[in-house]
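Residue-level structure breakdown
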Protein chains: 2
Amino acid sequence: MPDPDRPSPAAARTGSGSGRRPSAAAGRYGGRPTMKDVAARAGVGLKTVSRVVNGEPGVTADTESRVRAAIEALGFRRNDSARILRKGRTASIGLVLEDLADPFYSPLSRAVEEVARANGSLLFAGSSAEVPAREQELALALCARRVDGLVIVPAGEDHRYLEPEMAAGVATVFLDRPAQRVEADTVLTDNADGARRAVAHLIAHGHRRIGFVGDRSAIHTAGERLRGYREAMARAGLPVDEAWVAMGPTDPDRVRAGLDRMLSGPHPVTAVFAGNNRVTVTAVRVLYGRPGPVALVGFDDFELADLLRPGVTVIAQDPARLGRTAAELLFRRLDGDDSPPRRVELAADLLVRGSGEIPPAG
Amino acid sequence: MPDPDRPSPAAARTGSGSGRRPSAAAGRYGGRPTMKDVAARAGVGLKTVSRVVNGEPGVTADTESRVRAAIEALGFRRNDSARILRKGRTASIGLVLEDLADPFYSPLSRAVEEVARANGSLLFAGSSAEVPAREQELALALCARRVDGLVIVPAGEDHRYLEPEMAAGVATVFLDRPAQRVEADTVLTDNADGARRAVAHLIAHGHRRIGFVGDRSAIHTAGERLRGYREAMARAGLPVDEAWVAMGPTDPDRVRAGLDRMLSGPHPVTAVFAGNNRVTVTAVRVLYGRPGPVALVGFDDFELADLLRPGVTVIAQDPARLGRTAAELLFRRLDGDDSPPRRVELAADLLVRGSGEIPPAG
DNA sequence: CTGAAAGCGCTTACAG
DNA sequence: CTGAAAGCGCTTACAG
């Protein structure tokens, strides 16, 4: 949790400006000059300084130039934190996601940032590391800072903790995964549909034994993609051997073990559907090193997927579009849109590149 | 610039809590309860509420439970913005970099975030898009919010605008590229050394005509890598034909044009040194599609570089380590370290994978 | 153990 | 056109 208690390194500096009480002001914000200091130096009232700083009308050219000179001489910069306290709007939003470094989430972050910028807001960003307690801690810390809104890729499965915040006016949009146990705006990809199409594509290329390596089942997107996998198999009248399904963490060792399992045994799969970008990368490492060709379709696109041999066929989400859509919805709420919570589902695109068109071995 | 002037969607809500003047409080922060409301409800003084909220000693169990009940009933959450105004430390830092979505910068962001978190700080993140005016606007907006510190990957070439902020106590660490026209802590990779080793590696493999495709010369890292390239060539007694050097924006078309130029003409290069991750990716697309093999070493590692055929030999920086180092230095400053500005240079690693060991054609 | 007063640096509402 | 007073929601310094 944020802890503003530690002393500032600038605490030793002496206060600057005229008419200040050093005992109270010394070191605070590095002893920065305030509007009061500017007013004293320019020989005007506080409100006049405020008018000049904020470009409000009703100040004579002469007065204004005296104030500007004082601002310049003192190196004054308005303290927006104080301004915010009085105005009630912080002009900042928070973004909580799984991992800022993940190639799926980083374009999404950038998109949210761009929309925030276009709307005059600053962005707090933080990673939950897929730990529900961390998501909650971050989201609530952001609310305590009174962000105007929150874009959140949930890690947890119960978001009732946000209800008081939302009721108090914090605009909240859930992204990539839906809110749970709370009504809220949600923007996500149609994961089940994407998965169905991925698996149907493999079936169309002759596969009957298809494996699925997904993220932990508790993660909504993982569950949805698993559902899509099962539905596509069922629609084609194909049975699913549970040895072909490997849900769990996306670290390479776990993924590798899951693949080994479904590729050995009496009924090895001839094709693999990889449930997200992390899984696909490991699957490429495993499958491309094997003698017998195994077909592969991945969920999520990734850089250079087209340059591998064969190129990797994927169901591509558009992370930037997801981020943009969520942030735009957020600012529409901040602009007064109080219609019922919306759920926006974006379609994913099948990108055919080679790995998904490999025919079954034998 | 942030604009907190727009009305809040919650502005229509009526104020809650007892003893508040609706005309002033209605809608502010969504009409959230304040310590004053909690105090009134619990029948205690403001300071007692503050003590309970902050876990300060000297409150009887009975008083405390009355206060806690009021907090619970009202859904009170301390307004950290107000707290910060009084305490002088915001427990937030700012990160300004080129592009949050860039695979080089996103692990760096995550690393800065982790260190901030470990030090109880929240992180503001923003992209300069390599536009100096935007870097300055962002950095100053962050200073106006009174962030405790700033980690900045500069886009501009003159950082004197930050001098008053630094003097006022904003701890500032420049990352990836040095500060210009101002003394400040800097953490970066030894770019010239990395470039020298990349080019020496190609020379050791028999190349004499080596091209360099770099970012815009105005960017410090690009200039340093160009210098390393020239030094390695000079040390080996090799001439540099200026047609082999292509500096400029890293969009694919420009990179492609630069490559075409150095690969055609009377003295085509037999090897290419790509100046950063964006350039390398395009270089791979161009070179791997050509009939005659051309050797390639890239600056910056990237995912799946080892899975391409041949694998891409690179000079790998460690973006997470860069970010961590910078953020740790920042917090050391905030903890009172006032030694002279430091310059930390991290070495880059040569990762041999195949593309850099292709012998010269012919 | 408890609380009233003053203040953080601004803006608001109002009066001249 | 200009400014003194009050207040945003907290914490500090001090007094009981």
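Residues numbered from 1 in each chain as written. Chains lettered and ligands numbered in written order. Predicted model: local features only at pLDDT ≥ 70, side-chain atom pairs only at ≥ 80, totals over all residues. Heavy atoms only, no water.

Before going further, it helps to examine the UniProt feature "domain: HTH lacI-type" (unreviewed entry) in chain A. Here, the residues flagged by UniProt with the feature "domain: HTH lacI-type" (unreviewed entry) are residues 33-87 of chain A. With 69% helix and 0% strand, residues 33-87 of chain A has its two end C-alpha atoms placed 21 Å apart. (UniProt positions renumbered as here; feature names shortened; annotations may be inferred. Helix = DSSP H or I, 4+ residues; strand = E, 2+ residues; numbered from the N terminus.)

Take the interface of chain B and chain A next. Facing the 83 residues of chain B at the interface are 83 residues of chain A. When the two sides are added together, the surface that chain B and chain A hide from each other amounts to roughly 7,600 Å², 51% of it contributed by carbon and sulfur. Our count for the chain B to chain A interface comes out at 16 salt bridges. In this assembly, chain B and chain A are joined by 28 residue pairs in polar contact (both at pLDDT 80 or more). Only α5 (80-87), α6 (105-118), β2 (122-127), α7 (132-144), α8 (163-167), α12 (277-287) and α13 (319-334) of chain B provide two or more residues apiece to the side of chain B that touches chain A. (Contact = heavy atoms within 4.5 Å. Buried area = accessible area lost by both parts, 1.4 Å probe. Salt bridge = Lys/Arg side-chain N within 4 Å of Asp/Glu carboxyl O. Polar contact = N/O pair within 3.5 Å; in protein donor to acceptor, adjacent residues only side chain to side chain.)

Residues in contact with DNA strand C amount to 29 residues; listed here are only the nearest, Lys47(A), Thr48(B), Arg51(B), Thr63(B) and Arg86(B). The contact atoms of DNA strand C, taken as those within 4 Å of the protein, divide so that sugar and phosphate hold 67%. A distance of 3.5 Å is found between a base nitrogen of DNA strand C and a backbone nitrogen or oxygen belonging to Ala82(A). Lys87(A) places a polar side-chain atom, nitrogen or oxygen, 3.2 Å from a phosphate oxygen of DNA strand C. Of all the secondary-structure elements, those providing two or more residues to the surface near DNA strand C are α3 (46-53) and α5 (80-87) of chain A together with α3 (46-53) and α5 of chain B. Ranked by the residues each element gives to the surface near DNA strand C, the list is headed by α5(A), at five residues. Per-class residue counts for the surface near DNA strand C are eight nonpolar, nine polar and twelve charged. (Near = heavy atom within 4 Å. Nonpolar A, V, L, I, M, F, W, Y, C, P; charged D, E, K, R; others polar.)

Let us now look at the relation of the copies chain B and chain A. Mapping chain B onto chain A calls for a screw motion: a turn of 180 degrees about the axis and a shift of 0.0 Å along it, with 0.0 Å RMSD after fitting. Expressed as an axis order, the relation between the two copies is that of a two-fold axis. Within chain B, the C-alpha atom positioned nearest to the axis of rotation is that of Phe124(B), 2.2 Å from it. The residues that chain B uses at the interface reappear at the interface of chain A in 100% of cases, marking a shared surface. (Least-squares fit on C-alpha atoms with pLDDT ≥ 70 in both.)

Turning our attention to helix α11 (residues 252-263) of chain A. All names here are of chain A. Here α11 contains twelve residues, and its C-alpha end-to-end distance of 16 Å stays within 8% of the 16 Å for a straight helix at 1.5 Å per residue. Of all the residues in α11, the buried ones are Arg-254, Val-255, Gly-258, Leu-259, Met-262 and Leu-263. The buried residues of α11 all sit within an arc of 160 degrees when viewed along its axis, so they share a single face. Along α11, the residues that are exposed and aim more than 90 degrees away from the buried face are Asp-253 and Arg-261. Elements in contact with the buried residues of α11: β6 (210-214), β7 (245-247), β8 (271-274) and α12 (277-287). Phi turns positive one or two residues past the end of α11, at Gly-265, with a value near 80 degrees. (Expected span 1.5 Å × (residues − 1). Buried < 20%, exposed > 50% of the residue type's maximum accessible area, 1.4 Å probe, protein only. Arc of directions from axis to C-beta.)

All names here are of chain A. Along its sequence, chain A is organised into domain 1 (9-78), domain 2 (90-189 + 320-346) and domain 3 (191-317 + 349-357). For domain 2 versus domain 3, the distance between C-alpha centres works out to 29 Å. In this complex, domain 2 contributes eleven residues to the contact, which on the side of domain 3 involves ten residues. Approximately 930 Å² of surface area, both sides summed, lies buried where domain 2 meets domain 3, with 50% of it carried by carbon and sulfur atoms. The three residues of domain 2 that bury the most area against domain 3 are Phe-104, Arg-177 and Thr-189, which together make up 44% of that side's buried surface. Joining domain 2 to domain 3, the criterion identifies zero salt bridges. The tally of links between domain 2 and domain 3 comes to three residue pairs in polar contact (both at pLDDT 80 or more). (Domains from an automatic or database assignment.)

Attention now goes to the sheet that holds strand β9 (residues 295-299) of chain B. Residues and elements named next belong to chain B. Spatially, the six strands line up as an open sheet ordered β7-β6-β8-β9-β10-β12, and their pairing is mixed. Because the sheet does not close on itself, it has two edges, and the strands there are β7 (245-247) and β12 (349-351). Averaged over all pairs of adjacent strands, the angle between strand axes in this sheet comes to 15 degrees, irrespective of strand direction. The sheet contacts of helix α9 (residues 191-204) involve β6 (210-214), β8 (271-274), β9, β10 (313-316) and β12, and relative to β9 the element is tilted by about 170 degrees. Contacts from helix α11 (residues 252-263) reach β6, β7 and β8 within the one sheet, and its direction differs from that of β6 by about 165 degrees. (Pairing = 2+ DSSP bridges. Axes fitted to C-alpha atoms, helices over the stretch in contact; angles between N-to-C directions.)

All names here are of chain A. Strand order in the open sheet made by the six strands is β7-β6-β8-β9-β10-β12, with mixed pairing throughout. Both edges of this open sheet fall to β7 and β12 (349-351), since each of them pairs with a single strand only. Strand after strand, the sheet turns through a mean of 15 degrees between neighbouring axes, direction not considered. Its contacts with the sheet place α12 against β6, β8 and β9 (295-299), and it is angled at close to 160 degrees to β9.

All names here are of chain A. When you tally the buried positions in β9, you get five out of five residues, the bulk of the element. With burial as the criterion, each face of β9 is covered, one bearing Ala-295, Val-297 and Phe-299 and the other bearing Leu-296 and Gly-298. Here four bridges tie β8 to β9, and the two strands are oriented parallel to one another. Bridge pairing in β9 places Phe-273 opposite Val-297. Between β8 and its parallel partner β9, the chain crosses via α12, and the hand of that crossover is right-handed. As paired elements, β9 and strand β10 (residues 313-316) share three bridges and run parallel to each other. (Right-handed = clockwise from strand over helix to strand, strands pointing away.)

Here we take up the packing of aromatic side chains. For the structure on display, the rule yields nine aromatic pairs over all chains. Measuring from centroid to centroid gives 6.4 Å for Phe273(A) and Phe299(A), while their planes differ by 45 degrees, and the two rings are tilted. Here Phe273(A), found in strand β8, pairs with Phe299(A), found in strand β9; they are 26 residues apart in sequence, far enough to count as distant. Accessibility assignment for this pair places Phe273(A) and Phe299(A) in one class, buried. Centre to centre, the rings of Phe212(B) and Phe273(B) are 5.1 Å apart; their planes meet at 25 degrees, and the pair counts as stacked. Here Phe212(B), found in strand β6, pairs with Phe273(B), found in strand β8; they are 61 residues apart in sequence, far enough to count as distant. For the residue pair Phe212(B) and Phe273(B), the accessibility class agrees, reading buried in each case. Sitting above the plane of the Phe299(A) ring, Arg225(A) keeps its charged end 3.8 Å from the centroid. (Phe/Tyr/Trp six-rings, centres within 6.5 Å; stacked < 30°, edge-to-face > 60°. Lys NZ or Arg CZ within 6 Å of the ring centre and 35° of its normal.)

The topology assignment puts Val297(B) in strand β9. Residues in contact with Val297(B), not counting those within four places in the same chain, are Ala198(B), His201(B), Leu202(B), Val272(B), Phe273(B), Ala274(B), Thr313(B), Val314(B), Ile315(B) and Gly356(B).

What follows is about the side chain of Asn79(A). All names here are of chain A. Relative to the helices and strands, Asn-79 resides in the loop between α4 (61-74) and α5. Residue classification places Asn-79 among the buried positions, given a relative accessible area of 15%. A polar contact is formed between the side chain of Asn-79 and the backbone nitrogen of Ser-81, at a distance of 2.8 Å.

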